[in-house]
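One-letter residues, chain by chain:
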Amino acid sequence: MKSLTIHTLIITIFFFTISTSFASPPRLEDVFSQCTTDFKPSNPNFPIQNFTYTQQDPSFLTILNNYVCNLRYFNNTTRKPVAIVAAADVTHIQATITCAKRLSLQLRIRSGGHDYDGMSYLSTVEFVVLDMFNLRSIEFDPKLDTAWVQSGATLGEIYYGVANKSNDLRGFPAGICPGLGAGGHFSGGGYGNMMRKYGLSIDNIIDAKIVDAKGRVLDRSSMGEDLFWALRGGGAASFCVVLAWKIKLVPVPGKVTVFNVETVGNRGGVNTTELVLKWQEIADKTDNNLFIRLTLSTSNKTVKASFMGMFLGDSTKLLEIMNTDFPELGLNKSECLEIKWIESVLFWLSIPPGTAPTSVILNRIPQKQIYLKRKSDYVQKPISRTGLDAIFKVLLENENVTMAWNPYGGRMSEIPSTETAFPHRAGNMFKIQYAANWFVQGEAVANECLSQTERVFEAMSPYVSENPREAFLNYRDVDIGTSLNSTYEEGKVYGVKYFKNNFDRLVKVKSRVDPDNFFRYEQSIPVLSSH
């Protein structure tokens, strides 16, 4: 009996050894979650496990998809993050950085999800998403001169808050899309229809609170002027996590005047080519209070030009300026709409006046998701009549592509190209956005739209900046280069297009504040040690 008991014990130990030796290792998401849960200091009022979503969580795909604006990067084959941390406290950011470093996970930081090529929620290696949408407080100073805005706040929330607090006498120069998150939008520059008057968002940012690669919470004073310089236009995701920005509010009149004049073929006997020629002459030189965006598209085998404008003043003064600078357009008073600045946000979204309350801009989740591609260019000398005719021909051959021409000049020409990391200042007449949208899934449709965009982009090469062919960081475009190994040589390919002569200074800042290159992604700033 005793020998049988010993025999049974040996067999039991044998099978236990086999079973434990073949036991599955802990899942990476579980290790990460445990690491963040154990992190100290923590805030007992906001346990991080309540804000962490792994792939086993039933809410995981919903949280991931909520702020995906380009469906090209949300499908069954797209690599998903190990976890999403929807940070609600600064300790969540510190824990995410610490544990991602410890487990050699890359970090993707998402504020509004409008990164056109999905770099705020994509990676080719294992990664976690730090989602900032819970960190969206906006605190105004009593005099309404400044406000602290957390990175997860949207432009819609900022605009709505500013307008209501100031009785419509303050605004902020930033983008026309209310769903944009302040974190990424501001750090790439942040432009909108008041930039000729007030410059970019970054030109009106006076402080920031960040969390660096060591988990330290720093402000402008403690981070140093070189890093504060880099954050304004250099893309903060290469350096740190921005927790909040301190913005300087700007005065706006009680009423602004907006208009949108569309022409197909000709207007009042003046053909589209002549109107575009004249727009080029005046758009970057007219009154700084006036911004006129030109959009070129096609309609019924004809090029359509849309002249959409905003004037920081009344229609009487606007018409005086237009009759002097741009009489060819024939703008008349019935086409002008005098509205509050906050109401103009809806106008630029093509929401007819009076059909929706201004609170509609508080909607955070995209109402409609699409497949898209965007590219950018800068134009520094007028395009000739012959050139315009050639461009129109190409547009007619590639009907899925539209171009938005955004005028510079004014305040944009007064600020030196080295004042912030954003370099595209004096010498640029206008910036081009190339846009292609499609609404159905399928490789054939996608390839056709992408090919059309590339054909229009290539056809524009004789008319745009060169050496380098400049690009706008906030119109993220992987076509201009990516970095797989984070080397200086790889980074310079896209870096000089986005940042021109500011690229090397950005590399030096990066090498000082993040020498281990923790904050990296496909188009990040490289460190000097990789040179």
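Residues numbered from 1 in each chain as written. Predicted model: local features only at pLDDT ≥ 70, side-chain atom pairs only at ≥ 80, totals over all residues. Heavy atoms only, no water.

The chain goes by FAD-binding PCMH-type domain-containing protein in an unreviewed UniProt entry, where it is assigned to Brassica campestris. Quoted verbatim from the Subcellular location (unreviewed entry) heading of the UniProt record, the comment on the chain is "Secreted, Cell wall". Within the UniProt record for the chain, the comment given under Sequence similarities (unreviewed entry) is "Belongs to the oxygen-dependent FAD-linked oxidoreductase family." (UniProt positions renumbered as here; feature names shortened; annotations may be inferred.)

(A) Highlighting a nonpolar patch on the surface. On the surface, a nonpolar cluster with roughly 270 Å² of combined accessible area is contributed by Phe439, Val440 and Val445. Secondary-structure assignment places Val445 in helix 15 (residues 443-459). (Patch = residues over 30% accessible without salt bridge, like charges linked within 9 Å, V, L, I, M, F, W, Y side chains within 5 Å. Areas by Shrake-Rupley, 256 points an atom, 1.4 Å probe, with all protein chains shown as cover. Salt bridge = Lys/Arg side-chain N within 4 Å of Asp/Glu carboxyl O. Helix = DSSP H or I, 4+ residues; strand = E, 2+ residues; numbered from the N terminus.)

(B) Representation of the pattern of salt bridges. Applying the stated rule across the entire model yields 33 salt bridges. Residue Lys375 pairs with Glu454 through a salt bridge whose shortest N-O separation is 3.8 Å. Of the two residues, Lys375 is situated in strand 18 (residues 371-379) and Glu454 in helix 15; the sequence distance between them amounts to 79 residues. Taken together, the shared-partner salt bridges in this structure form one network comprising Arg72, Asp117, Lys373, Lys375, Glu454, Asp477 and Asp479.

(C) Up close: the pairing of strand 12 (residues 256-264). Pairing between strand 12 and strand 17 (residues 337-339): 3 bridges, direction antiparallel. Bridge pairing links Val258 to Leu337 in strand 17. Sheet topology note: the strand 12/strand 16 (residues 302-311) ladder contains 8 bridges and is antiparallel. Each residue of the ladder has a partner; that of Thr257, found in strand 16, is Phe311. (Pairing = 2+ DSSP bridges.)

(D) Main features of the pairing of strand 4 (residues 127-131). Counting buried residues in strand 4 gives 5 out of 5 residues, a clear majority hidden from the surface. Every second residue of strand 4 is oriented toward a common face, with Phe127, Val129 and Asp131 on one face and Val128 and Leu130 on the other, all of them buried. As judged from the 4 bridges shared by strand 2 (residues 83-86) and strand 4, these two strands associate in the parallel manner. Its bridge partner lying in strand 4, Ala83 is registered against Val128. Of the pairings in the sheet, the one linking strand 3 (residues 106-110) to strand 4 comprises 5 bridges and is parallel in character. Residue Arg108 lies in a different strand from strand 4, and its bridge partner there is Val129. (Buried < 20%, exposed > 50% of the residue type's maximum accessible area, 1.4 Å probe, protein only.)

(E) Looking closely at the domain arrangement of the chain. Per the domain assignment, the segments of the chain are domain 1 (28-131), domain 2 (138-251) and domain 3 (256-460). The gap between the C-alpha centroids of domain 1 and domain 2 is 23 Å. Counting residues at the interface gives 11 residues for domain 1, matched by 17 residues for domain 2. Buried surface at the junction of domain 1 and domain 2, summed over both partners, amounts to about 990 Å²; 73% is from carbon and sulfur atoms. A per-residue breakdown of the area domain 1 buries against domain 2 is headed by Ile109, Ser111 and His114, which together make up 43% of the total. At the junction of domain 1 with domain 2, the criterion picks out 0 salt bridges. Counting every contact that joins domain 1 to domain 2 gives 3 residue pairs in polar contact (both at pLDDT 80 or more). Contributing elements (two or more residues each) for the side of domain 1 that touches domain 2: helix 4 (90-102) and strand 3. (Domains from an automatic or database assignment. Contact = heavy atoms within 4.5 Å. Buried area = accessible area lost by both parts, 1.4 Å probe. Polar contact = N/O pair within 3.5 Å; in protein donor to acceptor, adjacent residues only side chain to side chain.)

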